[in-house]
Structure formats: structure tokens, C-alpha cells
Amino acid sequence: MARQNSKRNKPAASRNATHWHPPSTALPATNTLPRLFRRQSRWAWHALLLLVLSFQPALLRAQTSAQEAVDPGQVQSGSLLLRMANGYYAATALDTNVTMRINGLVARVSVRQAFANTGSEWAEGVYVFPLPDKAAVDQMRLHIGERFIEGEIREKEQARKEYEQARAAGKKASLVEQQRPNLFTTSVANIAPGETVVVEIEYLEDLRYTDGLFSLRFPMTLTPRYMPGAPLPDRQGSGWSADTSKVDDASLISPPMVGHSAHHRMTLEIDLNAGMPLDLIASRYHPVTVTENQGRYRIDLTDTTVPMDHDFELTWKPVALAAPRALAFTETVDDEPYYLLMVMPPAASNDQALLMPREMIFIIDTSGSMHGTSLAQAKKALQRALQGLRPIDRFNVVAFNSRTTPLFTESQPVDTRTLELAGQFVGALQAEGGTEMRGALEFSLQRAASESHLRQMIFITDGAVGNEEELFSLIERGLGQGRLFTVGIGSAPNSWFMRKAAEVGRGTFTMISALNEVGEKMDRLFSKIEQPQVTNIEVAWPASMVASAYPSTVPDLYANEPVIVKARLTGTPGNSDTVRISGNTMQGAWHDEIVLKPTGDNEAGVTRAQANSAGIATLWARARIESLFDDARRGRDPVEVRAEVVETALTHHLVSKYTSLVAVDKTPARPAGDPLRKDQVPNLLPYGQSANAIFGFPNTATNAAQLMQTGCLFLLLAITLLLLGRRQRHAAAA
Amino acid sequence: MRQRLSSGRFWLMACLLGIGFWQLGQGAYIPAKAWLAQELMLKAWHRAGEGVAQAVPWPWADTWPVARMLARGGEVDMIVLSGGSGRTLAFGPGHLNASAAPGAPGNSVIAGHRDTHFRFLKDLALGDTIAIETVDGVLHEYAVVDLDVVDSRRSSLLLDSDDTLLSLITCYPFDAQEAGGPLRYVVTARKKNQSE
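### What about the overall build of chain B?
Part 1 of the argument: Assigned secondary structure in chain B consists of 2 helices and 8 strands.
Part 2 of the argument: The linear arrangement of helices and strands in chain B, starting from the amino end, is α-β-β-α-β-β-β-β-β-β.
Part 3 of the argument: A total of 196 residues make up chain B; the buried ones form 49% of that total.
Part 4 of the argument: Across chain B, contacts joining residues at least 24 apart in sequence account for 52% of those joining residues at least 6 apart.

This is the structure:
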């Protein structure tokens with residue numbers, strides 16, 4: 001009850017502060033009004049009143065913004081419906097420096113997060129941030145001035161315990177935890193007032209090589225995620241969402257968002273050693289400068305720093321003759337050789353397009369987070385896709401937000417009428433409401449499959465949901481003979497959702513973050529899914545060795561996509577030992593062989609290479625962990641899975657769902673009596689998105705009052721003119 | 001000389017008066033439209049009651065009444081429209097399609113303009129009754145359980161609830177001159193006679 005009272009007081013108090021009556025501070029201004037009102041006192045006073053009223057908007061604007069800065073922090077929610085994010089006005093500012101070293105197929109990336117305490121109290125900074133979905137986070141360093149403390153890998157609970165003990169003891173400490181494979185949290189304790197503490201995180205990732213292009217993406221912020229389910233009474237974190245029955249860690253993955261910030265800026269430099277001559281290096285969303293030095297490239301942002309509000313993507317293309325057909329990288333750790341293999345099956349010729357009729361179901365996300373540029377991209381992608389339909393196909397369009405709205409109850413043949421209906425339907429789509437993907441997926445997956453048509457579902461979304469695993473299970477169970485392709489949309493799509501949903505859906509994923517690339521990327525997707533797949537892919541290791549390889553079953557491949565396998569072998573391969581990769585293509589059986597013994601460093605200009613490369617063991621461990629979670633989703637005992645994940649992660653120093661990196665300074669820094677303030681560092685709202693649309697609040701004020709005031713101001717000016725005229729005539733008469 | 005000056009002044013004055021009256025007219029049109037639309041919609045409501053599915057209040061309307069709201073002992077009697085777009089809110093409070101249907105389990109969210117239809121929200125107190133009459137003629141009574149100010153940049157509407165809730169949302173502060181501020185006043189009411 002006490003809570004209710006204190007809450008009642010707050011709005012009432014602030015209501016007084018912005019009451020209609022002109023505040024007294026406005027009055028001195030009237031002294032400076034022209035003398036002209038002196039004589040015609042009645043007119044003058046009316047005019048004066050009008051004038052003061054006309055100044056109101058400016059005055060009130062100042063007041064509302066002052067109030068914005070105070071109110072939300074004070075109005076603590078306990079409401080059934082709405083949760084406030086704590087610490088929005090975080091005194092802890094954050095900037096990021098990123099350095100990437102790319103060698104062949106592997107990138108090692110260092111992310112230095114600088115937490116600056118601009119407040120007058122000691123602070124703890126908590127920052128939720130995205131990383132690439134395949135990132136293998138294996139190092140963390142806590143930099144204090146000139147020295148640094150190396151982070152240790154621990155089981156999650158143990159790491160948190162060590163961190164909290166250090167925090168309580170006044171020692172500097174940092175903790176890096178994983179919330180999702182592409183979402184992490186850094187906590188830093190005991191930052192002195194005015195001090196900057198840097199937490200450096202390092203990760204490895206293997207690059208994407210598809211359609212003849214290598215690519216690497218670095219996310220800078222996240223799209224606020226929709227959390228389905230009913231709110232739970234307790235919460236673990238301080239995000240804007242309560243934990244819910246379907247996303248039990250929602251409060252940990254819903255950091256506050258800000259539209260503007262003086263901080264949240266990033267620097268980026270890349271050292272690219274592609275190992276082959278390049279035709280092209282391009283950054284799609286940020287201008288960069290490229291400098292070449294003996295086959296290596298250095299890539300810098302043209303602007304020294306950029307706001308962290310949309311993904312960075314770098315692509316490079318080898319010259320046609322040097323395009324790699326087979327690559328093998330190896331590393332030996334504790335006498336065990338680890339391999340990363342990449343083999344490109346032969347390209348199908350263009351006249352081999354799939355002639356089988358298809359049932360295409362386009363699923364489009366029209367939730368609030370898609371509002372703005374994202375929906376424009378999604379609509380354009382969908383219109384483009386409709387053009388790609390062939391007369392032999394059938395199709396349907398399914399739009400969803402909180403509800404699922406299919407265009408047709410059943411898929412329809414492709415003709416002028418149905419295409420026209422689809423065009424109108426897509427044109428009229430608007431983005432609002434929640435992201436209830438389940439309904440749309442169930443609708444699309446559960447229609448009776450036709451014998452004659454191959455079902456292909458194209459799912460266009462930003463993936464801004466908190467219940468990814470639930471959806472992966474749903475897709476996996478309901479897929480049947482169908483295929484699901486994801487098209488990730490927006491400035492900061494959920495890359496893990498895109499890749500994994502396509503993986504369990506036995507399709508591929510495409511990322512679109514700008515309107516001008518919609519045509520190119522959708523066309524490429526369409527040509528890809530029209531061509532036959534490479535099937536029955538098998539990887540045969542030498543009979544004398546036991547291999548632990550991931551993925552354990554290589555999926556069917558789409559055109560211009562390579563086989564990528566990470567493996568650990570027992571025993572050292574001999575000079576003649578090879579690995580044999582085979583599969584079925586339209587041209588018949590295909591196979592390729594790679595000699596396992598390293599022959600030297602990765603040489604430029606070769607399309608087949610074996611080389612020693614650091615980090616392969618770590619990437620293998622990361623692949624193994626992902627595979628273990630796939631097993632869990634398919635029904636393997638979660639306790640068993642947890643034990644194996646922990647064992648793998650601890651051995652390879654990896655952050656995972658069950659393991660974290662923690663660093664603790666030896667000596668206490670914060671005096672025992674001084675308080676420690678917790679700051680949840682906000683994220684920048686993705687470029688082109690609107691907070692109102694995401695969080696679902698419509699605009700609920702009209703501009704009637706402003707219009708009336710502008711009207712009064714003009715009438716007042718007219719009257720003033722009239723009075724001036726009269727006075728002049730009086731003067732002339734006298 | 002004076003002649004020319006006067007003529008210039010005349011035109012200036014005419015312009016100022018013109019713009020002034022035009023702006024005043026625009027300003028006055030908003031509440032007038034808000035009032036008139038409600039009158040028209042009460043008629044549409046009765047038609048809806050007679051079984052015309054999605055009866056539109058005027059032929060070219062892109063929204064339709066979904067409920068009638070009564071509060072403050074009948075002093076407030078208005079029609080709630082479907083959807084929360086700016087166009088809809090000009091005519092009446094709008095039910096957000098993404099939320100639960102009025103009267104149905106879950107959270108039903110209705111938004112309205114603070115300076116027209118939802119001005120009365122500032123006078124609501126804890127325990128007050130709000131009644132919602134749905135198209136089928138059933139009257140659902142709610143009691144106000146929470147009054148809150150939230151920052152729309154940092155809060156989300158929670159649409160899922162095991163309770164039967166009604167949320168009325170308007171801009172805050174009520175008397176701010178500028179439209180488009182980030183704060184919202186949220187009145188939460190809980191359906192009466194719900195089994196716990």
C-alpha cells in the first residue's frame with residue numbers, strides 16, 4: 001500500500017510543475033515589451049496576455065525536458081504492466097575500440113570496452129552487447145591504468161561468486177557472461193569517480209564464404225527484443241522487460257535504449273591477410289579506406305569514430321582464378337591435431353535450374369521493431385520475391401505481429417489476380433505490436449504438404465525475439481520435406497536467429513540492411529534456391545584415426561556454398577593420409593581429397609592449401625558446444641549436455657552458457673564506507689528505428705493547443721499593427 | 001507616401017489575420033472533430049449492436065467501433081475505435097489491435113489523446129470503476145488498480161497477462177503544449193469479480 005501512495009504523489013507533484021499558468025519567471029520579459037502599449041492600456045493588456053500565452057510553448061518545452069530527466073528515474077515501477085529500466089541516465093559512459101586480424105578463414109578480434117565513470121560516486125557498469133553469432137570468446141583482460149589482469153575461465157555461478165565477492169570487498173573486477181550465443185554481458189565493479197576502466201574481450205570466428213565472397217559482420221547494437229509469455233514475479237536483471245514464462249532471462253537481455261548519445265562511439269581497424277589475391281574489398285554500411293602492403297590490407301573507417309547504431313560488414317572477393325576450391329588449416333594442441341576444412345563443390349551450370357513446382361510461403365514480420373526502414377526493406381524484398389514466382393508455382397503471404405494474418409487460407413496458383421492481391425496486401429502492411437512468431441510458423445508449417453510441390457518458406461524478419469530456442473524446436477519438428485530460408489532485415493538483426501533458424505530449416509540465410517541491396521540479395525537468394533542441392537555429403541577420415549567432427553552430419557548444400565568441417569583427430573597423420581569429401585550433384589557423384597599433413601604456410605595464389613593456423617582448436621570447441629545444444633534441443637539429457645559443455649569450455653577457455661570469464665584485482669580500491677552505484681549502460685537504438693513503435697506506445701497528444709497559440713500570436717501581431725497605425729495617425733493629426 | 005504605407009500595412013494585416021484565424025480554426029477543428037465523431041459513432045454503435053459486422057461510423061472510415069466506455073458515473077460515455085493510428089485517435093480513443101480484445105482475458109490497451117477524449121484520465125483515482133460495453137452488449141466492469149507515469153522510450157507494453165486487464169494510455173503531462181513527448185500516463189484497471 002505504501003508503494004501505491006508514494007507513486008500517487010509523484011505524478012501529482014510533477015503535474016503542478018507544468019501547470020498552465022505562466023510561471024513567474026516569465027514576467028520580467030514583459031518589461032522589455034515596446035513602449036507602444038503605454039497609452040492604449042486596455043488593448044495593450046489584452047495583447048500582452050496573448051503574447052505571454054504565445055510564449056508558453058517554449059517555456060513548457062524547457063520544463064518538460066527538465067522533467068524527463070527526473071521523472072522516470074524516480075517513478076519506480078511496480079506496475080503490473082510496465083517496467084522501467086533502471087539507470088537510464090547512467091553516469092557510466094561507454095566507448096569501444098575494435099581491432100581485427102584476419103588470416104585466411106579465421107578472424108581474431110579484440111573488443112576494448114572503455115567504461116568511464118562521469119559521476120561523483122563509485123560505479124559498477126553493466127553492459128549488454130552483441131557479438132557475431134559464431135564468436136568463440138576465449139580471452140578477457142581488465143586494464144587498470146598501465147597494468148592488466150588476465151581473466152580466468154570458471155563455471156558461471158563460480159565466476160559470478162568471485163566477481164560479487166570482489167565487488168563487495170571494493171576490489172576492481174570484471175566479468176563476461178554469455179546470455180545468447182550472440183549476446184553477452186560485461187560487468188565492471190568499483191570504477192572510481194572520474195576514472196576509465198577498459199575491459200578487453202577477444203574472440204575468434206571463422207568467416208562466411210558464399211557466392212564467391214568472404215564476409216564478416218560486426219554487430220554494434222541490438223534491436224530490442226519481444227518477450228512472449230506472462231511476466232514472472234521475480235527478476236534476475238534490471239532490463240526494461242520482466243522475466244517471463246517463455247523467456248526466463250528477459251530482464252537480462254533487455255538493456256535500456258537511447259536514441260542519442262555523446263558516447264557509444266567505436267573505432268575499428270582491420271588487418272586482412274586473405275592469403276590470395278583479391279579483386280575487391282568492400283564495406284557495405286560504413287565508408288572505409290583500404291591500404292595495401294605486400295598482399296596484406298589494412299582497412300580503416302573513413303570517419304575516425306562511428307556511432308554504434310548499425311552492423312558493420314566487410315566483404316572481399318578473390319580474383320576468379322584464385323577462388324579457393326579446398327582449404328585446410330590445422331593446429332596441434334596437447335598432441336591432438338585439429339582441422340578446419342573448407343571444400344567447394346563444383347558449380348552447377350545455369351541451365352540446371354530446378355524444374356519441380358514449388359509452394360512458396362512468404363512469412364513477413366510486421367511487429368513494432370520492424371517499423372521504419374526495416375519494414376521498407378522487408379516490403380521491397382517481398383515485392384521482389386513475388387516477381388520471382390513462376391507460373392508452375394503456388395504461393396501465399398503470411399504477415400504477423402501479435403497475430404497472424406495470412407493473405408490466403410490456402411496457397412494459391414500464380415496468376416495476375418493472385419499477384420495483384422498479394423501486391424496490395426504487401427503494400428498495405430504496417431508495423432506495430434508484438435512478435436508472436438509461433439502462430440505464423442505454425443500456420444506455414446502445418447498446412448498439408450502437397451506431393452507435387454516442394455515447399456519453400458521465406459521468412460523475412462529482424463529476429464527480435466527472446467524465445468529463439470522455442471522457435472528452433474518448432475521449425476525442426478514441423479519442417480517435414482519443406483525448407484525454411486531466413487532473410488534478416490534491419491540495422492541490427494539477430495544474426496544467431498537468422499543462421500540457426502535457417503540451419504534447422506535446412507535452408508540458408510541472407511542479411512539485408514539497406515534498401516539499395518534488396519534487389520541484388522533477393523535475386524541471389526532466388527537463383528540459389530532454384531538450383532539443385534549437393535546431397536549426401538560425406539567426409540571420410542583415414543581409417544587409422546578417430547575423428548570428432550562438427551557438424552556431425554553435413555547438411556545438403558545450396559549453390560556456391562562450401563562444405564565446412566571442424567575436426568579433432570587422434571594420432572598424427574602420415575604423409576599420405578587424406579580426408580575424402582564426397583557428395584551427389586546434378587552432374588553425378590563428386591569427390592575431393594585433401595592431404596592432412598601440413599605442407600607449409602598458407603601461400604598466396606593457390607586454390608588448395610594446408611597451413612598451420614592458431615585458433616583452430618578453439619573454433620572446434622565452439623562448434624562442439626553448439627552441436628551439444630543441438631543435441632539437447634533434439635531431446636538429449638540436459639544434465640549430460642551441461643557436463644560436456646562445461647568440460648569443453650573449461651578446457652578451451654571459452655565463454656559459454658555455463659562458463660564465464662572473470663578477472664579480479666588483488667588490492668581493494670574503494671574505501672570501505674563509500675557507496676557503489678550500479679549503472680546499466682544503455683545501447684544505442686538501431687539506425688532507422690523508433691522507440692515508440694518498438695515499445696508500442698501510440699502518440700497521444702494533439703497539436704490543438706499549439707495551433708490555437710500560433711493563431712493568437714498572429715492575431716496579436718495584426719492588432720499591434722492596427723494600434724501602431726492609429727498612433728501614427730493621432731501623431732500626424734496633432 | 002502615407003497612402004502607400006497604409007496599403008502595405010493593410011495587406012500585412014490581412015495576411016496576419018488570415019493566418020491567425022486559419023490556425024485558430026485548425027486548433028478549434030480538432031476538439032470539434034473529436035466531439036462530432038463521437039456523436040456519429042454512438043449511432044454507429046447502435047447499428048453495430050443490431051448486428052452489422054464492423055459497422056463503420058461514416059462511409060469512408062477506416063476504423064470502426066469496438067467497444068463503448070463508461071466512467072465517472074456516466075459523465076464519460078464514449079466509443080472506442082479499432083486501432084491506434086493518429087487518424088483513428090482524432091475521432092476517439094483507439095483499441096490497440098495487438099492487445100487483447102476488450103473484455104477478453106489478457107491486457108486490453110486503449111489509447112486516447114490527453115487533450116480530448118482521455119483528458120478525464122487525470123481525474124481517475126484508485127478504485128474507480130470503468131465499464132466497457134462490448135459489441136455483443138455485455139458490460140464488463142473494471143476497477144482502477146494502478147496509476148503510473150512511464151517513459152515510452154524505455155518501457156514496453158506488456159500485452160500478455162493471465163488477468164483480465166484494461167490499460168488506458170495517454171500522453172503526460174496533461175497540460176504540456178508540445179505534442180510528441182516521451183512520457184505516458186497509464187491507468188491500469190482489473191476486471192471485477194474475477195476468480196483469483
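More follows now that the structure is in view.
### Description of helix α5 (residues 373-387) of chain A
The α-helix winds at 3.6 residues per turn, so residues separated by three or four positions along the chain end up facing the same way.
All names here are of chain A.
Part 1 of the argument: Given a rise of 1.5 Å per residue, 15 residues ought to cover 21 Å, and the 21 Å separating the end C-alpha atoms of α5 matches this to within 8%.
Part 2 of the argument: Of all the positions in α5, only T373, S374, L375, Q377, A378, K379, A381, L382 and A385 are classed as buried.
Part 3 of the argument: Lining the buried residues of α5 we find β21 (358-365), α6 (416-427), β25 (454-461), β26 (483-489), β27 (509-512) and α10 (518-530).

### Describing the sheet that holds strand β2 (residues 76-82) of chain B
Residues and elements named next belong to chain B.
Part 1 of the argument: Spatial ordering of the closed barrel is given by β1-β2-β3-β4-β7-β8-β6-β5, a layout of 8 strands whose pairing is mixed.
Part 2 of the argument: Pairing geometry for strand β1 (residues 65-71) and β2, over 6 bridges, is antiparallel. Residue pairing for β2: L70 is matched across the bridge by D77.

### A closer look at the pairing of β25(A)
Residue and element names in this part refer to chain A.
Part 1 of the argument: Counting buried residues along β25, 7 of its 8 residues qualify, which places the element largely inside the surrounding structure.
Part 2 of the argument: Taken together, the 7 bridges between β21 and β25 define a ladder with parallel strand orientation. The residue bridging F362 from the neighbouring strand is I458, located in β25.
Part 3 of the argument: For β25 and β26, the ladder comprises 6 bridges, and the chain directions are parallel. Looking across to β26, one finds that F459 is bridged to T486.
Part 4 of the argument: Each parallel crossover has a hand, and the one from β25 via helix α8 (residues 468-478) to β26 is right-handed.

### A word on the environment of Q158(A)
Part 1 of the argument: Within the secondary structure layout, Q158(A) lies in helix α4 (residues 156-168).
Part 2 of the argument: On a C-alpha basis, the gap between Q158(A) and A189(A) in space is 17 Å, while along the polypeptide they are 31 residues apart.

### Let's talk about the nonpolar core
Most often, soluble globular proteins keep nonpolar side chains buried together rather than apart.
Part 1 of the argument: Counting residues in each nonpolar core, the largest one holds 162 residues, and the members touching the most others are V137(A), F362(A) and I460(A).
Part 2 of the argument: Contacts of I460(A), omitting those with residues within four sequence positions, involve F362(A), I363(A), I364(A), D365(A), A378(A), A381(A), L382(A), V487(A) and I489(A).

### Observations concerning the pairing of strand β22 (residues 394-400) of chain A
Residues and elements named next belong to chain A.
Part 1 of the argument: The buried count for β22 comes to 7 of 7 residues, which makes it a mostly enclosed element.
Part 2 of the argument: A two-sided burial pattern is seen for β22, the buried positions comprising R394, N396, V398 and F400 on one face and F395, V397 and A399 on the other.
Part 3 of the argument: Of the strand pairs in this sheet, β21 and β22 are connected by 7 bridges, and their pairing is parallel. Bridge pairing in β22 links F362 to V397.

### Comments concerning the packing of helix α11 (residues 616-633) of chain A against helix α12 (residues 638-651) of chain A
All names here are of chain A.
Part 1 of the argument: As a packed pair, α11 and α12 sit with axes 10 Å apart at the nearest point and diverge in direction by 175°. Relative to α12, the element α11 is oriented roughly antiparallel. Along the contact surface, α11 presents A621, R624, I625, L628, F629, D631 and A632, while α12 presents P638, V641, E644, V645, T648 and A649.
Part 2 of the argument: For the contact of α11 with α12, the per-class residue count stands at 9 nonpolar, 1 polar and 3 charged.

### Some words on the domain arrangement of chain A
Residues and elements named next belong to chain A.
Part 1 of the argument: As far as domains go, chain A holds domain 1 (1-8 + 40-76), domain 2 (92-318 + 656-668), domain 3 (331-349 + 534-606) and domain 4 (354-530).
Part 2 of the argument: One C-alpha centre belongs to domain 2, the other to domain 3; they are set 32 Å apart.
Part 3 of the argument: Between domain 2 and domain 3, the contact holds 11 residues from the first and 8 residues from the second.
Part 4 of the argument: Partitioning the side of domain 2 that touches domain 3 into residue classes produces 4 nonpolar, 5 polar and 2 charged.

The rules behind the values
- Every residue gets a number counted from 1 within its own chain, in the order that chain's sequence is written.
- The order in which chains are written sets their letters, starting at A; the order in which ligands are written sets their numbers, starting at 1.
- Since the coordinates come from a predicted model, pLDDT governs what is reported: local features require at least 70, and pairs of side-chain atoms require 80 or more to be given and counted, while whole-chain, interface and lining totals use all residues.
- The helix count covers DSSP runs of H or I at least four residues long, the strand count covers runs of E at least two residues long, and both are numbered beginning at the N terminus.
- Residue burial is a threshold on neighbouring C-beta atoms within 10 Å of the residue's own C-beta, all placed from the backbone, with 20 or more meaning buried, 12 or fewer meaning exposed, and counts in between meaning partly exposed.
- Here, residue contact means that the backbone-derived C-beta atoms of the two residues sit within 7 Å.
- An expected span of 1.5 Å times one less than the residue number is assigned to each helix.
- Two strands make a pair as long as DSSP finds a minimum of two bridges between them.
- Handedness is read with the strands pointing away from the viewer; a crossover is right-handed when the path from the first strand over the helix to the second is clockwise.
- A set of buried residues qualifies as a nonpolar core if it consists of Ala, Val, Leu, Ile, Met, Phe, Trp, Tyr and Cys joined through C-beta atoms within 7 Å.
- Lines fitted to the C-alpha atoms define the axes, with helices restricted to the stretch that makes contact. Angles between their N-to-C directions range from 0 to 180 degrees.
- An angle below 35 degrees is read as roughly parallel, one above 145 as roughly antiparallel, one from 65 to 115 as roughly perpendicular, and any other as oblique.
- Three categories are distinguished: nonpolar for Ala, Val, Leu, Ile, Met, Phe, Trp, Tyr, Cys and Pro, charged for Asp, Glu, Lys and Arg, and polar for the others, with Gly belonging to the last.
- Each domain's limits were defined by an automated method or a database of domain assignments.

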